[in-house]
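Residue strings, one per chain:
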Amino acid sequence: MEQREKREELKQMLKRLHEAKPEELATVKKEAAKYFKDTDPKELALAEQELIQEGTKREEMKRLCDVHLEVMKEQLGAKAKALKLPPSHPISICKDEHTIIKRNLKKLKNTLGKIKKATSFDKAKHQIDTLKELSHFFMETEKHHQREEEAIFPRLEAHGVVEPPQIFKEDHVEFMAKKKGLKEIVMNTEQVEFSKFLETVAPIIEFLTKKLEEHIYKEDNILYPMAYETLEKGEWVEVRKKFDAIGYCCFAPADLKKKNKKGVTKKRKR
Ligand SMILES: [Fe+2]
Ligand SMILES: [Fe+2]
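Here goes a summary of the coordinates provided.

### Details of the coordination of the iron ion (ligand 2)
Consideration 1: The iron ion (ligand 2) binds to the protein through H98 (NE2), H144 (NE2), E148 (OE) and E219 (OE), with metal-donor distances spanning 2.0 to 2.2 Å.
Consideration 2: The coordination sphere of the iron ion (ligand 2) comprises 4 donor atoms, whose angles at the metal cover 85 to 166°; the geometry is irregular.
Consideration 3: Donor residues binding the iron ion (ligand 2) come from one chain and are separated in sequence as H-x45-H-x3-E-x70-E.
Consideration 4: The distance between the iron ion (ligand 2) and the iron ion (ligand 1) is 3.3 Å, with E148 acting as a donor to both metals. In this pair, H144 and E148 both sit in helix 7 (residues 142-158), 4 residues apart, roughly one turn of the helix.
Consideration 5: On the basis of relative accessible area, H144 is assigned to the buried category, the value being 0%.

### Focus: the side chain of T130
Consideration 1: You can see T130 is positioned in helix 6 (residues 125-140).
Consideration 2: Look past the residues within four positions of T130 in its chain and what remains in contact with it is K107 and T111.

### Observations concerning the pattern of salt bridges
Consideration 1: Applying the stated criterion across every chain yields a total of 18 salt bridges.
Consideration 2: Notably, a salt bridge pairs E199 with K196, separated by 3.5 Å at the nearest N-O pair. Within this pair, E199 and its partner K196 are both found in helix 9 (residues 194-230), separated by 3 residues, close to a single helical turn.
Consideration 3: The salt bridge partner of R240 is D244, with a shortest N-O separation of 3.0 Å. In this pair, R240 and D244 both sit in helix 10 (residues 233-246), 4 residues apart, roughly one turn of the helix. Note on accessibility: R240 and D244 belong to one class, buried.
Consideration 4: One network of salt bridges, in which partners are shared, links R4, R7, E8, K11, E43, E50 and E54.

### Digging into empty space enclosed by the protein
Consideration 1: One pass over the structure, following the stated rule, counts 1 cavity of 30 Å³ or more.
Consideration 2: What the largest cavity holds in volume is close to 140 Å³.
Consideration 3: Every residue lining the largest cavity is counted, 13 residues in all, and those nearest its centre are E48, C65, P164, F168 and I222.
Consideration 4: Elements with a minimum of two residues in the lining of the largest cavity: helix 3 (41-53), helix 4 (58-82), helix 8 (163-187) and helix 9.
Consideration 5: In terms of residues, the lining of the largest cavity owes the most to one element, helix 9, which gives 4 residues.
Consideration 6: Looking at the lining of the largest cavity residue by residue, the classes come out as 10 nonpolar, 1 polar and 2 charged.
Consideration 7: When residues are assigned to domains, the lining of the largest cavity turns out to be shared by domain 1 (2-82) and domain 2 (95-257), each giving three or more.

Cut-off values and rules
- Residues numbered from 1 in each chain as written.
- Chains lettered and ligands numbered in written order.
- Predicted model: local features only at pLDDT ≥ 70, side-chain atom pairs only at ≥ 80, totals over all residues.
- Heavy atoms only, no water.
- Donors = N, O, S within 2.8 Å, 3.2 Å for Na, K, Ca; no water.
- Tetrahedral: all angles 85-135°; square planar, octahedral: opposite > 155°, others 65-115°.
- Helix = DSSP H or I, 4+ residues; strand = E, 2+ residues; numbered from the N terminus.
- Buried < 20%, exposed > 50% of the residue type's maximum accessible area, 1.4 Å probe, protein only.
- Contact = heavy atoms within 4.5 Å.
- Salt bridge = Lys/Arg side-chain N within 4 Å of Asp/Glu carboxyl O.
- 1 Å grid on protein atoms, 1.4 Å probe; cavity = no way out; pocket = protein on both sides within 12 Å on 5 of 7 lines; lining within 4 Å.
- Points joined across faces, edges and corners; volume = space filled by probe spheres on them.
- Nonpolar A, V, L, I, M, F, W, Y, C, P; charged D, E, K, R; others polar.
- Domains from an automatic or database assignment.

This is the structure we're talking about:
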């Protein structure tokens, strides 16, 4: 009963954040920050899920997520950091991959900045080559999303956490479309004028660098800690097996590469 009441309160707080007028937002945010202090990521996810089930559109929820994430940033970050797992744990693998993805998102952003200053394909040749490499890299990240979707999400759903995986899956679909778009345009530069190229490529890169970075932040700080709390210990062994079966990206974290070289992962499979 107490938990029920707490969840209702949490939902009210989320609604207030959502409905606050711009002039009230700062005050409501302050109040919410105090309230969220003792809220764990799983409770937050379940409260969001109930709001969706009660009629809040998923799109609106995503917007709302950004607001309460901002409010909870510090607290969530501290909690996520406190979660210490061995490098072989599926969550560690995903987080290590995120670090590599984020590094390349930064590179993508910087490259776009340089291309914007160039006036022709000739002057931007080096940067276009970098974009080609990066577009391959981002296509490679699909395995990462696939492992999240096929190994972790179904288990969360089986534990009743249904909505958050849906939100993340929708993001993955959007990212895939943008990544394909990026590859398409950078591999076919001879077919367009430089100005047209820039006009097309800039919004794709701007979308990816912003949204994928946010997506990763939410996974590292909310989804993964919540998944860790939700799944039973033995389930993580199964998740890892499924990870191995799906396979890894070409930029597998160093620890995993070492293991593959020594054949540890293979031995485990047998
Ligand atoms: Fe994801
Ligand atoms: Fe991810």
